[in-house]
Amino acid sequence: MGNVLVWIIWLLAAAGCLATGVAVVSLTNPFYSALALIGNLASLAVLFLLLSAEFLAAAQVLVYAGAVMVMFLFVVAYLGGRADAPWAGGPPLLRTAAVVAAAALLVEVVVVLGLAWGDNLTDPADVSGSFGSPGEVGELFLTDHLLAFEITSIVLLVAAVGGVVLGTTPEKEDAA
Amino acid sequence: MDGPDVGWYLILAAILFGIGSLGVMLRRSPLVVLLSLEIMLNAANLTLIAFARQHGSLSGQVFALAVMAVAAAEVAIGLGLIVAMARRRIVLDVDEARALRG
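Residues numbered from 1 in each chain as written. Chains lettered and ligands numbered in written order. Predicted model: local features only at pLDDT ≥ 70, side-chain atom pairs only at ≥ 80, totals over all residues.

### Examining the overall build of chain B
Move 1: From N to C terminus, chain B includes three helices and zero strands.
Move 2: Starting at the N terminus and walking to the C terminus, you meet the elements of chain B as α-α-α.
Move 3: In terms of its C-alpha atoms, chain B occupies a principal-axis envelope of roughly 55 × 25 × 25 Å.
Move 4: The long-range fraction of contacts in chain B, counting pairs at least 24 apart against all pairs at least 6 apart in sequence, stands at 45%. (Helix = DSSP H or I, 4+ residues; strand = E, 2+ residues; numbered from the N terminus. Contact = placed C-beta atoms within 7 Å.)

This is the structure in structure tokens:
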């Protein structure tokens with residue numbers, strides 16, 4: 001019975017993911033695209049929970065759907081949210097090539113998955129109840145992956161400085 | 001594990017990655033290109049977390065968190081670039097921005 005319930009939740013979250021993903025790519029107004037991406041991130045957080053990644057699901061909602069998407073919406077509002085028809089403009093050859101390339105990418109990945117299906121993709125490992133809890137993830141960050149953790153902080157610092165540099169008023173360029 | 005096998009998650013991630021790559025190649029507004037990039041990054045994250053669950057090793061989740069941090073940095077820089085372009089009256093169209101083309 002519990003199994004059926006998990007399948008239903010999985011199917012709902014997967015359908016939500018795909019529908020909002022298509023909406024992001026196909027909606028004309030960037031503001032609605034950004035809103036659809038919030039739905040996409042939320043349904044992905046549900047899938048993370050099903051994979052017992054509780055801390056990551058919380059981080060996904062807080063950092064992505066919260067902080068990052070608010071930044072996106074601010075910029076869309078600042079720029080006025082100009083409409084951009086997904087299928088308009090550009091040579092038709094380019095558009096056809098984009099669709100063909102994306103479809104080829106998808107087919108490749110699915111074929112590789114289909115070939116590997118029988119070997120490694122069933123019978124998942126047994127994990128304890130605390131798998132994916134903040135404590136266990138944090139312990140790994142401070143032991144096995146300490147270097148990656150520190151480098152991440154430097155990446156974020158560089159990004160913050162870069163954002164400030166890009167955001168300053170371009171006085172010299174205007175004079176030139 | 002209750003519910004679907006890891007392979008189903010991987011197929012879902014593959015479809016999401018395809019949708020995101022289609023958006024990156026098709027759309028011309030740099031904002032929507034960034035949004036589609038987020039879909040691709042999240043599809044990769046779903047794969048990492050699915051394999052972390054499959055192998056019972058938390059390293060995949062740690063890597064997914066690092067991907068999230070890099071995505072946040074990428075969004076900050078990308079949005080900064082878009083705002084700088086708008087301030088310099090450059091048309092917000094990735095097909096038009098080709099000053100660096102050789």
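There is more to say after this.
### Some points on the overall build of chain A
Move 1: Within chain A one finds seven helices and zero strands.
Move 2: Each helix and strand of chain A, placed in order from N terminus to C terminus, yields the pattern α-α-α-α-α-α-α.
Move 3: Classification of the 176 residues of chain A by burial places 23% in the buried group.
Move 4: Within chain A, residue pairs in contact and separated by at least 24 positions form 59% of the contacts whose partners lie at least 6 positions apart. (Buried ≥ 20, exposed ≤ 12 C-beta atoms within 10 Å, placed from the backbone.)

### Observations regarding the interface of chain B and chain A
Move 1: Contacts between the two partners involve 64 residues from chain B, matched on the other side by 75 residues from chain A.
Move 2: Of all the secondary-structure elements, those providing two or more residues to the side of chain B that touches chain A are α1 (6-26), α2 (30-55) and α3 (59-87) of chain B.
Move 3: When residues of the side of chain B that touches chain A are assigned to their parent elements, the largest contribution, 22 residues, is made by α3(B).
Move 4: The residue inventory of the side of chain B that touches chain A, partitioned by class, reads 41 nonpolar, 14 polar and nine charged. (Nonpolar A, V, L, I, M, F, W, Y, C, P; charged D, E, K, R; others polar.)

### What about the nonpolar core?
Move 1: Of all hydrophobic cores here, the largest spans 63 residues; its most connected members are A:F48, B:Y9, B:A13, B:L46 and B:I49.
Move 2: When residues of this core are traced back to their parent elements, those giving at least two are α1 (2-26), α2 (30-50) and α3 (54-79) of chain A together with α1, α2 and α3 of chain B.
Move 3: A per-element tally of this core places α2(B) first, with 13 residues.
Move 4: Setting aside its immediate chain neighbours within four residues, B:I49 contacts A:F48, A:L51, A:A53, A:L56, B:G60, B:Q61 and B:A64. (Core = buried A, V, L, I, M, F, W, Y, C linked by C-beta atoms within 7 Å.)

### Notes on the packing of α2(A) against α3(A)
All names here are of chain A.
Move 1: With their axes 9 Å apart at the nearest point, α2 and α3 run at an angle of 175 degrees to one another. Here α2 is positioned roughly antiparallel relative to α3, judged by the angle of their axes. Seen from α2, the contacting residues are P30, F31, A34, L37, I38, L41, A42, L44, A45, F48 and L49; seen from α3, they are E54, L56, A57, Q60, V61, Y64, A65, M69, F72, L73 and V76.
Move 2: Classifying every residue of the contact of α2 with α3 by side-chain character gives 20 nonpolar, one polar and one charged. (Axes fitted to C-alpha atoms, helices over the stretch in contact; angles between N-to-C directions. Parallel < 35°, antiparallel > 145°, perpendicular 65-115°, else oblique.)

### Some details on unusual backbone geometry
Move 1: The backbone of A:S52 sits at a positive phi, close to 50 degrees, despite the residue not being glycine.
Move 2: Here A:S52 is to be found in the loop between α2 and α3.

### Remarks on the domain arrangement of chain A
Residues and elements named next belong to chain A.
Move 1: Its domain assignment divides chain A into domain 1 (1-85) and domain 2 (130-168).
Move 2: Spacing between the C-alpha centres of domain 1 and domain 2 amounts to 22 Å.
Move 3: The interface is formed by five residues belonging to domain 1 together with five residues belonging to domain 2.
Move 4: Of the residues belonging to the side of domain 1 that touches domain 2, the class tally is three nonpolar, one polar and one charged. (Domains from an automatic or database assignment.)

### As for α3(A)
Move 1: Under the 1.5 Å per step criterion, the end-to-end length of α3(A) is 36 Å for 26 residues, consistent within 8% with the ideal 38 Å.
Move 2: When the local axis directions of α3(A) are compared, the greatest deviation, roughly 35 degrees, occurs at A:M69.
Move 3: For α3(A), the full list of buried residues reads A:L56, A:A57, A:A59, A:Q60, A:Y64, A:V68, A:F72, A:V75 and A:V76.
Move 4: Where the residues of α3(A) are buried, they touch α2 of chain A together with α2 and α3 of chain B.
Move 5: Directly beyond the C-terminal end of α3(A), a positive phi value near 90 degrees is found at A:G80. (Expected span 1.5 Å × (residues − 1). Bend = angle between axes of the 7 residues up to and from the residue.)

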